[in-house]
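# Structure at a glance
Residue-level listing of the chains:
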Amino acid sequence: MSGATNRLANLTSQLTSSSPRERLLQKNPDDIVVTCALRTAFTKGGRGGFKDTHAGDLLVGIFQGIIKKSGIDPTLVDDISVGNVLSPGGGATEFRAATLVAGFPVRTCVKATNRQCSSGLQAIVDIASAISAGIIEIGIGAGVESMSLNYGPQAVSEFSELLNSVKKAKDCKVPMGVLSEEFAKKAVQSRQVQDEFSAKSYQKAEAAQKAGLFDEEIWPLEVNFEDPKTGETKRIVVKADDGVRPGMTVEALGKIKPAFAKDGTIHAGNASQISDGAAAVLLMKRSTAEKLGQTIIGKYVTAAVVGVDPLLMGIGPWASIPKVMNRLGINKDDVDIFEINEAFATQCMWCIRELWLDEEKVNPKGGAIAFGHPLGCTGARQVSTLLTELRRTGGKIGMTSMCVGTGMGMASLWVAE
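What this report covers is the structure whose coordinates are included nearby. (Residues numbered from 1 in each chain as written. Predicted model: local features only at pLDDT ≥ 70, side-chain atom pairs only at ≥ 80, totals over all residues. Heavy atoms only, no water.)

Let us now look at the pairing of strand β6 (residues 221-226). Only one face of β6 is buried: it carries Leu221, Val223 and Phe225, and the other face, with Glu222, Asn224 and Glu226, is open. Sheet topology note: the β6/strand β7 (residues 233-238) ladder contains six bridges and is antiparallel. Bridging from a neighbouring strand, Leu221 pairs with Val238 of β7. Taking the residues between adjacent antiparallel strands as the criterion, β6 and β7 are bridged by six residues, where Gly231 takes a positive phi near 80°. (Buried < 20%, exposed > 50% of the residue type's maximum accessible area, 1.4 Å probe, protein only. Helix = DSSP H or I, 4+ residues; strand = E, 2+ residues; numbered from the N terminus. Pairing = 2+ DSSP bridges.)

Pasting the structure below:
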């Protein structure tokens, strides 16, 4: 059968399938597929295993992990897009250097991209789109953040008089913690309810960690670590998320002081952790993967980004998830797992409930409250976590989503194989 005839037969099969879900499960030569998806462990900002490790060094480690685990010839990788929020200069120079140290040739290009908390996902979507358009054949979408070394007031630029003169524009720089406090009041969400949601995240993450459910997605890294007590620098292997707190309960969370207002409800235990980490996803067309003998673990289907009021940035998933589902003609029951970033308990649980999602399908191994949110990395981490869990449980369709600072939301849909 000729290539054109084969594509026509596949198209006819898709159009006559009985449901949108079945159409998603169809396999076609031009599918954008994933042959490897890995992340580092996530560690506590300023205190954890990666506190002395630069973002570029984290990238070197995860890129080498992708090369080793997938068996891909690095000379075949055309382009790499790295999501990042905080690195000086946008990370562009540092990330180019990291690709060369990792073993990619000079012909492999790299760029840094910043769409706040969705940067890692945006990087992956950029690569997938470039492959689909025929611009490149093979690429890596990644994300990285060293919040230990780069997080702070210097990460936010001062607004000009012009930008400050328009209220909606000025609202873009209101701190997210302050926004979340106001949102909790408007949504009538008590601290008790937020703490209950957060305790479940910790408990799910602890159970998953003890059962080894993160092991497949985490690539261990050996790094330098300066002992804060002795000042001695030693080599350590970081292979597990160190933000997961064993035995976390609602009662324990209730003892933590509010972070943004004396009478507030948001604190360090019911908001995402400041963390360090990296993640990467190897993408190509199905036909390319089959030709190279690459193991296909899933496929990328589509993504959507939606703008919302800057003061309501936390509702981003509520706006972006339906856009993806409507585009594909599916509903929430067609999705087996939702990975929704837990920026704050208040916004995440509001989105879950307003979308009428089955809470058992959301973040089955816990989320950012339990193990961290390295800003530019999370979008790439979610893909690794999602595909690993779908394959483990026999699920097929999954979605990732997150709210985005300044007022946006992003979502993507994936199929596990």
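Structure shown, so let's carry the discussion forward.
Within this model, the largest pocket holds a volume of roughly 1,200 Å³. Around the largest pocket, the lining comprises 42 residues; the ones closest to its centre are Met147, Tyr151, Met176, Gly177 and Leu375. Across the lining of the largest pocket, the residue classes break down as 25 nonpolar, 12 polar and five charged. (1 Å grid on protein atoms, 1.4 Å probe; cavity = no way out; pocket = protein on both sides within 12 Å on 5 of 7 lines; lining within 4 Å. Points joined across faces, edges and corners; volume = space filled by probe spheres on them. Nonpolar A, V, L, I, M, F, W, Y, C, P; charged D, E, K, R; others polar.)

Bringing empty space enclosed by the protein into the picture now. Overall, the coordinates contain one cavity of 30 Å³ or more when judged by the stated rule. Here the largest cavity defines a volume of roughly 50 Å³. What lines the largest cavity is simply Leu179, Ser180, Phe183, Leu311, Leu312, Met313, Gly314, Thr346 and Gln347. Elements with a minimum of two residues in the lining of the largest cavity: α9 (176-186) and α14 (345-354). No other element matches the three residues that α9 contributes to the lining of the largest cavity. Of the residues in the lining of the largest cavity, the class split is five nonpolar, four polar and no charged.

On their own, these measurements won't tell you what the molecule is for.
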